[in-house]
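Working through the structure, step by step
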Amino acid sequence: MKNIFLILVLCLVSCQETKTETDQVQTDNLLSELVTKEDIIALKYTDFIADANVEKIISGWAKYRELNTIILDVKSGNLSFFKSNEEIVAALNKDLKTTIPEAINSPLILSRVIAVETKIYKLEGVVNLTTPTKESLLESVKELLVAFSNLNLQMNKKVEKESQKIVKPY
């Protein structure tokens, strides 16, 4: 009798774990069905990328590279990074702010990084809602993409301004 009871308990526990894994897969599929690559391509915003001079300066900025990879995933409609990843998202945001290369570290760049951080947290919050709407997801995705684009634009401007050698007349 004890063996039968033990087998029943094990079956119930294993069924419950399978259900949790199935729920996670269904949630990921729901997100990919709600927001597709075509939906994101249809968003209207100006997409700036870091130019060659900026790329040289930030080549050692690992967290920017990681963020850039996440942005490319978001552009392809993959929002899985933001699903139940609170510690990793927080660590990325913290390290992104603290590891800005000295050559581009300025209050303007830091403010753009903080704007990106805010939009990452907002998108994470929308993705982790029990029933996110397509409109709210697309709005949050667009805000994140615009914030990242503005970070790239500001880095480009900073490097361009510093490279100008303006001689003032006496």
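Residues numbered from 1 in each chain as written. Predicted model: local features only at pLDDT ≥ 70, side-chain atom pairs only at ≥ 80, totals over all residues. Heavy atoms only, no water.

**Here's the deal with the overall build of the chain**
- For the chain, the helix and strand inventory stands at seven helices and zero strands.
- Secondary structure elements of the chain occur, N-terminal to C-terminal, as α-α-α-α-α-α-α.
- Split into buried and exposed, the 170 residues of the chain put 32% on the buried side.
- Put simply, 80% of the contacts in the chain that link residues at least 6 apart link residues at least 24 apart.
- About 10900 Å² of surface is accessible on the chain, with carbon and sulfur atoms providing 60% of the total. (Helix = DSSP H or I, 4+ residues; strand = E, 2+ residues; numbered from the N terminus. Buried < 20%, exposed > 50% of the residue type's maximum accessible area, 1.4 Å probe, protein only. Contact = heavy atoms within 4.5 Å. Areas by Shrake-Rupley, 256 points an atom, 1.4 Å probe, with all protein chains shown as cover.)

**Side note on the side chain of Asn-85**
- With respect to the helices, strands and loops of the structure, Asn-85 is situated in the loop between helix H4 (62-75) and helix H5 (86-98).
- A polar atom in the side chain of Asn-85 sits 2.9 Å from the backbone oxygen of Phe-81. (Polar contact = N/O pair within 3.5 Å; in protein donor to acceptor, adjacent residues only side chain to side chain.)

**Side note on H4**
- For H4, built from 14 residues, the straight-helix expectation of 20 Å at 1.5 Å per residue is met to within 8% by its first-to-last C-alpha distance of 20 Å.
- Those residues of H4 lying buried are Tyr-64, Leu-67, Ile-70, Ile-71 and Val-74. Each buried residue of H4 lies within a common arc of 120 degrees when the element is viewed along its axis, so the set occupies one face. (Expected span 1.5 Å × (residues − 1). Arc of directions from axis to C-beta.)

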